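# Coordinate analysis (summary)
The lines below spell out each chain.
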Amino acid sequence: MQEKSKFLANERHFLYNWLKICLKGIDKLKLPTDYTDKMKALLGDEYPAYIDAFSKPRLYGLRVNTLKISTAEFEKICPFPITKIPYIDNGYFYDGDLYQPAKHPYYFAGLYYLQDPSAMTPASRIPVSRDNKVLDLCAAPGGKSTELAAKLAGTGLLVANDISAKRAKALQKNIELFGVRNSLITTEYPEKLSRFFNGYFDRILIDAPCSGEGMFRKDPDMIKAWDTDSPKKYAAMQKDIVKYAVLMLAPGGYLLYSTCTFSPLEDEETVMEILRLDKRLSLCDIAPYEGFAKGRPDVVKNGISDLEKCVRIFPHKMDGEGHFLALFHMEESDETHTDIASSKRNNKSNKKKISKEDLASFEEFRSHLKINMDTKDIESHEGMLFYDKNIPEAKGLSFLRKGLFLGECKKKRFEPSQALAMAIRSDEYDNILNLSADDDRVIRYLKGETISAEGSDENDGLILICVDGYPLGWGKKQRQTIKNKYHSGWRLM
């Protein structure tokens, strides 16, 4: 019986891929003539191989959250087959036609992020170190921000920005799901950020909005959205973004510019624009991989030889979709600049202190929490508490989150947040219910249902629900029943 089921599953997999290949063949015939002419000029003899890549199935990737788990440990517990992505330290391929990692409890525990393999490259190639101040300027939905946070390992500062408050909601969820404590999530235009953070950041990542040519194979809707003027329109937008990004880079800092397009106007020409913005900037070599293609000095007017240090990723040369990367370094400088926002940014006197009543409620809860947290680093907003150690004052900026949202004080009791549950380890709270991933109560909990505590000897009251030792969220235990406190907007559908 098992052999028959396995055979049927393989047969369905074969038929699915066959149909997908057929559809991809149709998609490639719909590529605009203006676009194919451009690609023929860019690729020359490689153009047929690029077109053939449209007949190959898309690849699925996941990136392990090293804030919570090592890659070695994840490989031991991963419930579905994975294969290492050779050019990403914590990246893996999985079969997205057979498995749904986004529905597994480990996803809800924030152990991994689902992301196209080549889209993992920008955050992997910017040299982030502990205690760096890092800006992800076009951050939503958070794939790159979460990796930057993992590289910071709880130190320094991550400012994750997106001009769209709607898109930034997804960014906020992913940052909280990953257990990031040291972030400021803003929704500002680069111009305003540059006035506030002049010369401030050690590392800046700009994954710029673009015409999306590198995603044509993965998402045929991108083909429909493209027209001849798309690269020109996005190039103008990119030049406006990078103009202000450069102002925010500190001397000695690194800036990584990336797109998911092949257009030289949006790639090499924007790189040239960045170099023109500040004479202290120079292009750096990017950690190589066999399939990386060099940037092209010949495709833009007055292109310099250093453009070859850029990287372009093609689907016919790599296991992934299309991407472009350029890494810049700003030389150290003795020049001083006037930072008109520095006093406002560093002014801690504006912090709203906790009332005595709310502090008492929080302290009772904190007696069960095994992490160091100085009260002076906790800010109160109408009873909502935020831990914002080392987070700059953000008065005057539009933002969604400043530090870690701890929870809310309600009628002489403190109710901890979903974000706090995701930011602590299971051994940092003294009352937990640890369930195995195959326990049906896990799925029921993630769906928002009341679950049974039968067979457990945990104390009544607030309890941290975990899956295989990794926190999922809160519950309220009373005898053998646990009332569900899982975030309603995160529930498994």
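First things first, this report covers the structure right here in the doc.

### Digging into the overall build of the chain
Scanning the chain for helices and strands turns up 16 helices and 23 strands. Over its C-alpha atoms the chain spans a radius of gyration of 24 Å, differing by no more than 12% from the 23 Å that the globule rule assigns to 493 residues. If one aligns the C-alpha atoms of the chain with their principal axes, the spans along those axes are about 75 × 70 × 35 Å. The burial tally for the chain puts 55% of its 493 residues in the buried class. Long-range contacts, defined as pairs at least 24 residues apart, comprise 73% of the intrachain contacts of the chain with a sequence gap of at least 6. For the chain, the exposed area adds up to about 22700 Å²; of that, 50% sits on carbon and sulfur atoms. Between the centroid of the 73 positive side chains of the chain and the centroid of its 71 negative side chains there is a distance of 4 Å.

### Observations regarding the environment of Pro 127
When you line up the elements, Pro 127 lands in the loop between α6 (121-125) and β5 (133-136). The class of Pro 127 is partly exposed, set by a relative accessible area of 31%. Spatially, the C-alpha atom of Pro 127 lies 9.4 Å from that of Leu 255, the residues being 128 residues apart in sequence. Discounting chain neighbours no more than four positions away, the residues touching Pro 127 are Asn 132, Arg 203, Tyr 254 and Leu 327.

### Things to note about the pairing of strand β13 (residues 323-330)
By the criterion of burial, β13 is predominantly enclosed, with seven of the eight residues buried. Where strand β9 (residues 249-259) and β13 come together, six bridges link them in antiparallel fashion. The residue of β13 that forms the bridge with Ser 258 is Leu 325. Alignment of strand β10 (residues 281-284) against β13, held across four bridges, turns out to be antiparallel. Within β13, the position partnered with Cys 284 by the bridge is Leu 327. Two strands pair when backbone bridges link them, and strand β12 (residues 311-313) and β13 are joined in this way by three bridges, in the antiparallel orientation. By the bridge assignment for β13, Val 311 is matched with Leu 325.

Rules behind the numbers
Residues numbered from 1 in each chain as written. Predicted model: local features only at pLDDT ≥ 70, side-chain atom pairs only at ≥ 80, totals over all residues. Heavy atoms only, no water. Helix = DSSP H or I, 4+ residues; strand = E, 2+ residues; numbered from the N terminus. Rg over C-alpha atoms; globule rule 2.2 N^0.38 Å. Buried < 20%, exposed > 50% of the residue type's maximum accessible area, 1.4 Å probe, protein only. Contact = heavy atoms within 4.5 Å. Areas by Shrake-Rupley, 256 points an atom, 1.4 Å probe, with all protein chains shown as cover. Lys, Arg positive; Asp, Glu negative; His and termini not counted. Charge placed at Lys NZ, Arg CZ, Asp CG, Glu CD. Pairing = 2+ DSSP bridges.

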